[in-house]
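Close look at the chain arrangement
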Amino acid sequence: MKFAEHLGAHITPEWRKQYIQYEEMKAMLYAAVEQAPSQEVVEEEVTQRYFASFDEKFFTYCDKELTKINTFYAEKLAEATRKFATLKSEMEESEKSSVAKKKVHRRKLMDLKLAFSEFYLSLILLQNYQNLNFTGFRKILKKHDKLMRNNTGARWREEFVESSHFHTNKDIDKLISETETTVTSELEGGDRQKAMKRLRVPPLGDKHSPWTTFKVGLFAGAFLVLFFAVILSAVFHSAKESDIAKKNFDVIVRLYRGPLLFILFLFLMGINVYGWRSSGVNHVLIFELDPRNHLSEQDLFELATIFGVLWTLSILCFLYAENLNVDPFVMPVFLVGIMIVFMLNPTKTLKYGARSWSLKVVFRIFSAPLFYVGFADFWLADQMNSLSQALKDFQFLICYYISGIIDGEWSGPTAGTCSDSGWW
């Protein structure tokens, strides 16, 4: 992987402008070489003056970047030092109150573990910032010397970069070591393995699983094929063999439209996450997600395509129900049942962390007067307003099947009956 791609994949999004502007500096070098006067046309002295003028401009830019990085690193390091002192102070206060209020102490202990875990992640990000910028200077100055055919870049690096504050300062390493020691001895009872598991930092790069990519492609292709099969079956399937001719078409549309809208919502959420990540918006921080375990855009695309395949299979089974000797109206409720079981599955499988987070947010939305709500709760509540049609279709589905059970047949209720305000 080229360094420009490596840098783009490993930067902390909200610090994007504080990193070395590697791409811009590389563009400056290539532009200088392309615009240089030809040695065959002009004298060598003219060419030397041109490159000397460019070097002055280039190293002025390098100095500006170095100053920016040194300043930002010093600010973040001072902030981290203050934060560490505050956390240690809170931990000491918690230990003093442990005898009087055990329940409060237990809750405070869990909060401290979470706080130290987040703080440790911020330290690793700062250490990563330190390493990436030094590597960036080393790479760009080496490229300078290669293109300009001199060693000015190497000498500038030795004189300024290798002696700069952000590179020579090792306080960040000490803070990381002290944090590991504190969490191990004070919060995890001396169990270093347990402490390091809690402090585990996820890969800092945008690493997508090849297996997930394969599944997204597989299910997306399957969905498209099945979707065309649904259209062809609906158009050319004999009206005598299809229940669509016997039932109210509006009923069938409403039974399947709600699940489709939720599937489309998942897919569009994947596009949103991709857009946020590409634009440097740290949605993990904004929505207070677990930085060690959250869904990527590929995970969302995978869920959307899997449910899309199930949706199309359900419609095909509905259309060919008579050939399969089953009641066609079992299919919509079976589809919704699978989606509900997936969401409420209590086992720690099938995106458990994401499902748990979503259910907690939904709970806080419906119990807003009683519990503290955050940005994620407001945001999801706003999205649910946009999904009002899907929620009404879900209400219609409940009405339809309850009415069918009461009447003893699915042909009893109509779209008008279940759309009545009495069912809300």
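Heads up: these notes are all about the structure in this document. (Residues numbered from 1 in each chain as written. Predicted model: local features only at pLDDT ≥ 70, side-chain atom pairs only at ≥ 80, totals over all residues. Heavy atoms only, no water.)

As for the overall build of the chain
Rule in force here: Only DSSP runs of H or I reaching four residues or more are called helices, and only runs of E reaching two or more are called strands; each is numbered from the N terminus. For each residue, the accessible area found with a 1.4 Å probe, counting protein chains only, is set against the maximum for its type, and the residue is called buried under 20%, exposed over 50%, and partly exposed in between. Throughout, a contact is declared for two residues whenever any of their heavy atoms are within 4.5 Å. Each accessible area is a Shrake-Rupley estimate made with a 1.4 Å probe; only the visible protein chains count as cover when residues are assessed.
Secondary structure assignment for the chain yields 18 helices and zero strands. By residue count, 40% of the 424 residues in the chain fall in the buried class. For the chain, the proportion of contacts with a sequence separation of at least 24, taken over those separated by at least 6, is 74%. For the chain, the exposed area adds up to about 24600 Å²; of that, 60% sits on carbon and sulfur atoms.

Thoughts on a nonpolar patch on the surface
For clarity, the threshold we go by: Residues qualify for a patch when their relative accessible area is over 30% and they have no salt bridge, like charges being joined within 9 Å and the nonpolar side chains of Val, Leu, Ile, Met, Phe, Trp and Tyr within 5 Å. In the sections that follow, a salt bridge refers to a side-chain nitrogen of Lys or Arg positioned within 4 Å of a carboxyl oxygen of Asp or Glu.
Where nonpolar side chains cluster on the molecular surface, the patch consists of Leu224, Phe227, Phe228, Ile231, Leu232, Val235 and Phe236 and spans about 730 Å² of accessible area. Structurally, Phe228 can be placed in helix 9 (residues 210-236). The exposed category is assigned to Phe228, whose relative accessible area is 52%.

Remarks on the packing of helix 1 (residues 3-10) against helix 2 (residues 22-35)
To characterise two packed helices, one gives the angle between the axes of the helices and the distance between these axes. Our working rule: Note on method: axes are straight lines fitted to C-alpha atoms, helices fitted across the in-contact stretch only, with angles between N-to-C directions ranging 0 to 180 degrees. Orientation labels follow simple angle bins: below 35 degrees gives roughly parallel, above 145 gives roughly antiparallel, 65 to 115 gives roughly perpendicular, and whatever is left gives oblique. By convention, the crossing between two helices is left-handed when the near helix turns anticlockwise from the far helix through less than a right angle, and right-handed when the turn is clockwise. Lys, Arg, Asp and Glu make up the charged group, whereas Ala, Val, Leu, Ile, Met, Phe, Trp, Tyr, Cys and Pro make up the nonpolar group; the residues left over, Gly among them, are polar.
Close contact between helix 1 and helix 2 brings their axes to 10 Å; oriented N to C, the two are set at 160°. Our classification of the angle between helix 1 and helix 2 gives roughly antiparallel. Between helix 1 and helix 2 lies a crossing of left-handed hand. When helix 1 is examined against helix 2, the residues Phe3, Ala4 and Leu7 are found in contact with a partner set consisting of Tyr22, Glu23 and Lys26. A per-class count over the contact of helix 1 with helix 2 returns four nonpolar, no polar and two charged.

Considering the nonpolar core
What counts is decided by this rule: We define a nonpolar core as any set of buried Ala, Val, Leu, Ile, Met, Phe, Trp, Tyr and Cys residues linked to one another through side-chain atoms lying within 4.5 Å.
Among the nonpolar cores identified, the biggest contains 53 residues, and Phe58 and Phe137 are the most heavily contacted of them. In terms of residues, this core owes the most to one element, helix 4 (residues 102-148), which gives 17 residues. Beyond its immediate sequence surroundings of up to four residues, Phe137 is in contact with Ile20, Cys62, Glu65, Leu66, Ile69, Trp156, Val161 and Phe166. Counting residues in each nonpolar core, the second largest holds 44 residues, with Leu255, Phe329, Val336 and Ile365 among its members.

A closer look at the packing of aromatic side chains
Quick reminder of the rule: For this analysis, a ring pair means two rings from Phe, Tyr or Trp (six-membered ring only for Trp) whose centres lie within 6.5 Å, classed as stacked if their planes differ by under 30 degrees, edge-to-face if by over 60, and tilted for the remaining angles.
Within the structure shown, the criterion is met by 26 aromatic pairs. Residues Phe287 and Trp379 carry aromatic rings whose centres are separated by 5.1 Å and whose planes lie at 70° to one another, so their mutual orientation is edge-to-face. Here Trp379 lies in helix 16 (residues 375-386) and Phe287 lies in the loop between helix 11 (283-286) and helix 12 (297-319), a separation of 92 residues in the sequence. The class of Trp379 is buried, set by a relative accessible area of 17%. Centroid distance Phe318 to Phe329: 5.1 Å. Interplanar angle 85°. Geometry classified as edge-to-face.

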